[in-house]
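One-letter residues, chain by chain:
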Protein chains: 4
Amino acid sequence: MVIIMKPGASGAEIAGVIARIEAHQLTPHPIYGEERTVIAVVGNDRPVDRTTFETLAGVDFIQAILKPYKLASREFRKDDSAVTLIERNGKAVTVGGNGHVTLIAGPCACESREQVLETALMVKEAGAQGFRGGAFKPRTSPYSFQGHGEKALQWMAEAREVTGLAIVTEVMSPEQVPMVAEYANVMQIGARNMQNFALLNAVGMSMKPVLLKRGMSATMEELLMAAEYILSHGNYNVMLCERGIRTFEQYTRNTTDINAIPALKALSHLPVVLDPSHATGKSEYVIAIARAGIAAGADGLIVEVHPEPSKAMSDGAQTLTPKAFESMVRQCKRIAAAMDKEI
Amino acid sequence: MVIIMKPGASGAEIAGVIARIEAHQLTPHPIYGEERTVIAVVGNDRPVDRTTFETLAGVDFIQAILKPYKLASREFRKDDSAVTLIERNGKAVTVGGNGHVTLIAGPCACESREQVLETALMVKEAGAQGFRGGAFKPRTSPYSFQGHGEKALQWMAEAREVTGLAIVTEVMSPEQVPMVAEYANVMQIGARNMQNFALLNAVGMSMKPVLLKRGMSATMEELLMAAEYILSHGNYNVMLCERGIRTFEQYTRNTTDINAIPALKALSHLPVVLDPSHATGKSEYVIAIARAGIAAGADGLIVEVHPEPSKAMSDGAQTLTPKAFESMVRQCKRIAAAMDKEI
Amino acid sequence: MVIIMKPGASGAEIAGVIARIEAHQLTPHPIYGEERTVIAVVGNDRPVDRTTFETLAGVDFIQAILKPYKLASREFRKDDSAVTLIERNGKAVTVGGNGHVTLIAGPCACESREQVLETALMVKEAGAQGFRGGAFKPRTSPYSFQGHGEKALQWMAEAREVTGLAIVTEVMSPEQVPMVAEYANVMQIGARNMQNFALLNAVGMSMKPVLLKRGMSATMEELLMAAEYILSHGNYNVMLCERGIRTFEQYTRNTTDINAIPALKALSHLPVVLDPSHATGKSEYVIAIARAGIAAGADGLIVEVHPEPSKAMSDGAQTLTPKAFESMVRQCKRIAAAMDKEI
Amino acid sequence: MVIIMKPGASGAEIAGVIARIEAHQLTPHPIYGEERTVIAVVGNDRPVDRTTFETLAGVDFIQAILKPYKLASREFRKDDSAVTLIERNGKAVTVGGNGHVTLIAGPCACESREQVLETALMVKEAGAQGFRGGAFKPRTSPYSFQGHGEKALQWMAEAREVTGLAIVTEVMSPEQVPMVAEYANVMQIGARNMQNFALLNAVGMSMKPVLLKRGMSATMEELLMAAEYILSHGNYNVMLCERGIRTFEQYTRNTTDINAIPALKALSHLPVVLDPSHATGKSEYVIAIARAGIAAGADGLIVEVHPEPSKAMSDGAQTLTPKAFESMVRQCKRIAAAMDKEI
């Protein structure tokens, strides 16, 4: 870190800061400017609560230098990581790592065995490699439909049998991890749980692939720190998912942070997936944003598809019909090809 | 809800929407304007996923009319609710409900038995009615200090014996609820867990008082819906806590949403507490914002105090010294008196 | 508009609102629900200050129904508008309206005649149709370089002679409009001036093409209303420019609102241009976002290019080298082709 | 500034940065850490575009050390500045500088001579020292009422004759400055024009007091830089006005950044005024936020008052009745007294 002293900080104040730095076994390097003194601190200051330095007399503010995440960083691993969703006919279906874009599609919520199987067949046919469906639903209202739970997990497992699609589904609490891990190929951490650290620890210990959604007001650094929680338990099968952030603009449900796609790819080796459904909230813009995501470098897309969106139990407004999804795949294939990738 | 059709929506499209409304046992009232048709829907549409109507042909957008929360609303209960923190000498120490402001103070994290007891005595002496301290700490980094767990809960229980202060501490996952409920008077739900629905359900079933912190990008309505989760299990001992929201302004750690204090008091009967420490992130502004909170109508304050903030293991920059806390209490008493309240 | 009454609003309150509606020569349609009464208002309520209805007794809130802009709306003109930047060899160089993407490139500020001519030749060679350069610079600090003014306009006019590129440059106040209009092909309204209504009126009266940048915290609706100011004077040569919005995420300078591209194209007939330089603030992400913009449907790009970005007088960090710009054009051509467009 | 090199930056890259620092006549101080090298730069780097250093090979990011504003800073002037609004009976009515709070009140727009005189008398009677009223109105829509212009200025001048109140009114473009300066005591720069630099320069040259409203997405630093524009012309009569910022929370029109009050007072010597009307957008919360502003340390308030808000031509929803304003003054006097100030 670098400690920036207030204009006019006294010699005693500077000495006090230096003493405190040394008490942490770190090395202070004061630089005396005309208007201000700054004190650079050499050594690994990650374990120190840097904000406490702001309370010392004469200190104005602190600038962190070291990135707080290590295992998630591009410095830790130069090459792109790939996460295997499922093995199919002896071949791994992966996200990240080479010239392809992976598609995961399905309904917001699993509503019935028929709906699950029908949608899985449709999205498989259209070109998806993974199936998403909600068994446990985080709902803003306690009065809204909360998901069919284990039954829904069973329907999805059956859909995997039939279609070979990898199953991606949300896990909402540490207790659910064993059950969800038994049925699903990928455990999704929802945006609202991105900093549910008990849950991050639990999926970190499970070794199952994890799709980690960015919190709606989480910075990229916080997203990478949440990934670090999972990685620090030895589970390296983590995919980052941009799903739109909350801003003042409310014509769309969220604001797709398209910058995050190249930025996360630069800062981290982990695969990056875009969810254009939540990122826009309006089905009429999903396809354009799906194309944009691939053009920006996303390794995969996760998209809401329902046989009849207007009858969906949740998220209808942002859900594609199977026909629209087919059109999306066709368009995305062309963009992927222009990026020298394939879907 | 009111359904706003697109300009030029056809008769068939309007008929389609009307049919769908009737399928939900609701009553449509179409109004034909020159530029647009709008269809008002009469009946309780809360259980319906309104967004699905946006997917019907010819629909532009939906405006909800009914508030999604009931038990938390001012309509449900006209009078201010009071939550009892602790009984002391046969008298209830409460937050909300009448002419007083309640102060809760203590360190971000419980660091040692001595620190807990020393701080509790100091804040008691200065005028606090509750003691806050972290046993389980939600930390952005997996490498940061995560709290002393049950040991810290024991230290706080001992501090309660000595001082009579009510103990407020964070619970981070459903499994921790029984243990925390055993030691603490009030369970705090942290900002990052405001929409951890499994946790909300767990504290809803415990009947212990809950201090529910607003998520850093949660709207007031979402905060009230999170409270509704707890209330819907029959636990009415819920306090709402404004702790600053995340905005583009980053000179301060968060932006105190002072508007939320009168607004939450108008929308809900639940007590409203302000946390000026997190809401500013800088100890030099905590006292001014504490005063402002009382002037805006807050029922209580929760403030970080540490015997030596520059040596705190976390949140040092926003933590008051015991001496500054004393000064805060003196100033706040005068503002409270100007509001015909006492501390 | 629709007026939503509070729960329990009295008959007298409802009558009061109805009377006020009728006083504006509008027609009230009250609908009496179980919990609430809503009053739909039929007629053109655009000239009315709707917020005043919120002050009437018993009113909870107002929902606008009619879009506040007319000339800028897709309803006003079904087909895409095209704006002609310049005629070259008897052929119009346009933005919008058909299967092409238009590139405008050049330095943040015009620093010297040589720099202007050199950059213009380079970007022309790489494939640009327009040249951007600042003569009058809006700078956060009064102590920063403020631009070379008319001299810079002359350099750009000379560059047009040499290259045939259309000249795009910012105009900062009504008095500057005649001078800028004399030299430039397109007047740019900067983000900070998007709601400088005196300036919008002045360019509205000039009939020169206008590139209107979205304010950094302007909603899409406000951007369209700013366009409406210009259009309402009869100047239909308006291009909308997304240049990133201000959010809590500050790793990038701004957050590219990529959703705004398909959304503005749906809401309006006006051409939409993306500025990936300001929208990211970091040159290493500009190309990815340029590709994403085209994939999302942008009609053009405006990009900062400087012969030696590290010596630029402003905005160096987000500026491409000529070589990087060439690479950008190559990549963008492939994405455009995948969209059945050409550059 | 401090330049933070990327992990693994080469010796040649570090040498390149050092050479560039020296080319600006500044002194580099490299500090070699285990993971990173940082280079502190000694000397006044304000005139340098720091972002250009980000383009040099091996550089990760730049941290500014020196505040970009000087004349507006607390370091420039230790004591609070006071701005004189008007002389009355040989006594100056001031904002800032000592133990009082100044109230400015009046309608959003001047609608008629009668409305202006009536409101001025009422707010004077209730305790105001200044009168606000719009002659030129910045309106989002070109179809909305734009103000009565010079006529309205004449009505306000007449109201000053009658009441002795100082007149505060918005100026929207450089050409209007002479006319507005002739009639008004204080020229207001609206939020949308906070970075209209041509206008800032014009009022800077006029020497009339200026009320500078914070832009709705302007940081405090940007507000202080806008003030610096005015101060740099020698006009030191500048008041800063917090009027709410734009955030994701849209139940209220804006989010009052109450933190900005103590923060601006700490960073700058200029007086700080709060506008609780725009900061909330709802008249029912104006009084609570007015009280909070005083408790937070504001030097003054500017409030919208109209004889009949429901008939106001603009901003009705956030406007107080004269009776509510009287109540506000009574309550604010008590809070001010608790702060050892008077109104």
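Everything discussed here concerns the structure shown above.
Computed from a predicted structure; not experimentally measured.

(A) Examining the environment of Asn89(C) more closely. Residue and element names in this part refer to chain C. Structurally, Asn89 can be placed in the loop between β5 (83-88) and β6 (91-95). With a relative accessible area of 79%, Asn89 lands in the exposed category. With 127 residues separating them in the primary sequence, Asn89 and Met216 have C-alpha atoms 38 Å apart.

(B) Expanded view of the packing of helix α2 (residues 113-126) of chain C against helix α3 (residues 150-163) of chain C. Residue and element names in this part refer to chain C. One can describe the packing of α2 onto α3 by two numbers: an axis separation of 9 Å at closest approach and a directional angle of 35 degrees. Viewed along their axes, α2 and α3 form a crossing whose handedness is right-handed. Note on element contacts: α3 touches α2 through Trp155, Met156, Glu158, Ala159, Val162 and Thr163, opposite Arg113, Val116, Leu117, Ala120, Leu121 and Lys124. Looking at side-chain class alone, the contact of α2 with α3 contains eight nonpolar, one polar and three charged residues.

(C) Representation of the relation of the copies chain B and chain D within the structure. After a rotation of 180 degrees and a shift along the axis of 0.0 Å, chain B superposes on chain D with an RMSD of 0.0 Å. Taken together, the turn and the small shift mark the pair as related by a two-fold rotation axis. Using C-alpha coordinates, one finds that chain B approaches the rotation axis most closely at Ala292(B), a distance of 2.1 Å. By residue overlap, the copies meet face to face through one surface: 100% of the interface positions of chain B are interface positions in chain D.

(D) Representation of the relation of the copies chain B and chain A. Mapping chain B onto chain A is achieved by rotating through 180 degrees and translating by 0.0 Å along the same axis, at an RMSD of 0.0 Å. Interface overlap between copies: 100% of the residues of chain B at the interface are likewise at the interface in chain A, consistent with a symmetric, same-surface contact.

(E) Looking closely at α3(C). All names here are of chain C. Helix length check: α3, at 14 residues, gives a terminal C-alpha distance of 20 Å against a target of 20 Å (1.5 Å per residue), a fit within 8%. Buried residues belonging to α3 abut β5, α2, β8 (130-132), β9 (166-170) and α4 (177-183). Looking at the residues trailing α3, positive phi occurs at Gly164, about 80 degrees.

(F) Fine view of the environment of Val329(B). All names here are of chain B. Structurally, Val329 can be placed in helix α10 (residues 322-338). The sequence separation of Val329 and Glu34 amounts to 295 residues, and the corresponding C-alpha distance is 61 Å. Not counting the four nearest positions on each side in its chain, Val329 is found in contact with Leu103 and Ala126.

(G) Highlighting the sheet that holds strand β4 (residues 59-63) of chain C. All names here are of chain C. Here four strands make up an open sheet; going across it, the order is β2-β3-β1-β4 and the pairing antiparallel. Here the strands that pair on one side only, and so sit at the sheet edges, are β2 (27-32) and β4. Mean inter-strand twist for the sheet, computed between neighbouring axes without regard to direction, equals 20 degrees. Note: strand β1 (residues 2-5) against β4, four bridges, orientation antiparallel.

(H) Structural context of the interface of chain B and chain A. With 47 residues of chain B at the contact, the number on the chain A side is 47 residues. Buried area between chain B and chain A, both sides added, is near 3900 Å², and the carbon and sulfur share of it is 52%. One can count two salt bridges joining chain B with chain A. Between Arg246(A) and Glu222(B) there is a salt bridge, with the nearest N and O atoms lying 2.7 Å from each other. Inspection of the region where chain B meets chain A yields 27 residue pairs in polar contact (both at pLDDT 80 or more). When contributions to the side of chain B that touches chain A are tallied by element, the ones reaching two or more residues are α5 (197-204) and α6 (220-231) of chain B.

(I) Expanded view of the sheet that holds strand β2 (residues 27-32) of chain B. All names here are of chain B. Read across the open sheet, the four strands follow the order β2-β3-β1-β4; overall the sheet is antiparallel. Single-partner strands in this sheet number two, and they are β2 and β4 (59-63). The mean angle between the axes of side-by-side strands here comes to 20 degrees, regardless of whether they run parallel or antiparallel. When strand β1 (residues 2-5) meets strand β3 (residues 37-42), the two strands line up antiparallel, connected through three bridges. The residue of β3 that forms the bridge with Val2 is Ala40.

About the criteria used
Residues numbered from 1 in each chain as written. Chains lettered and ligands numbered in written order. Predicted model: local features only at pLDDT ≥ 70, side-chain atom pairs only at ≥ 80, totals over all residues. Heavy atoms only, no water. Helix = DSSP H or I, 4+ residues; strand = E, 2+ residues; numbered from the N terminus. Buried < 20%, exposed > 50% of the residue type's maximum accessible area, 1.4 Å probe, protein only. Axes fitted to C-alpha atoms, helices over the stretch in contact; angles between N-to-C directions. Left-handed = near helix turned anticlockwise from the far one by under 90°. Contact = heavy atoms within 4.5 Å. Nonpolar A, V, L, I, M, F, W, Y, C, P; charged D, E, K, R; others polar. Least-squares fit on C-alpha atoms with pLDDT ≥ 70 in both. Expected span 1.5 Å × (residues − 1). Pairing = 2+ DSSP bridges. Buried area = accessible area lost by both parts, 1.4 Å probe. Salt bridge = Lys/Arg side-chain N within 4 Å of Asp/Glu carboxyl O. Polar contact = N/O pair within 3.5 Å; in protein donor to acceptor, adjacent residues only side chain to side chain.

Everything listed here is a matter of geometry and, on its own, says nothing about what the molecule does.
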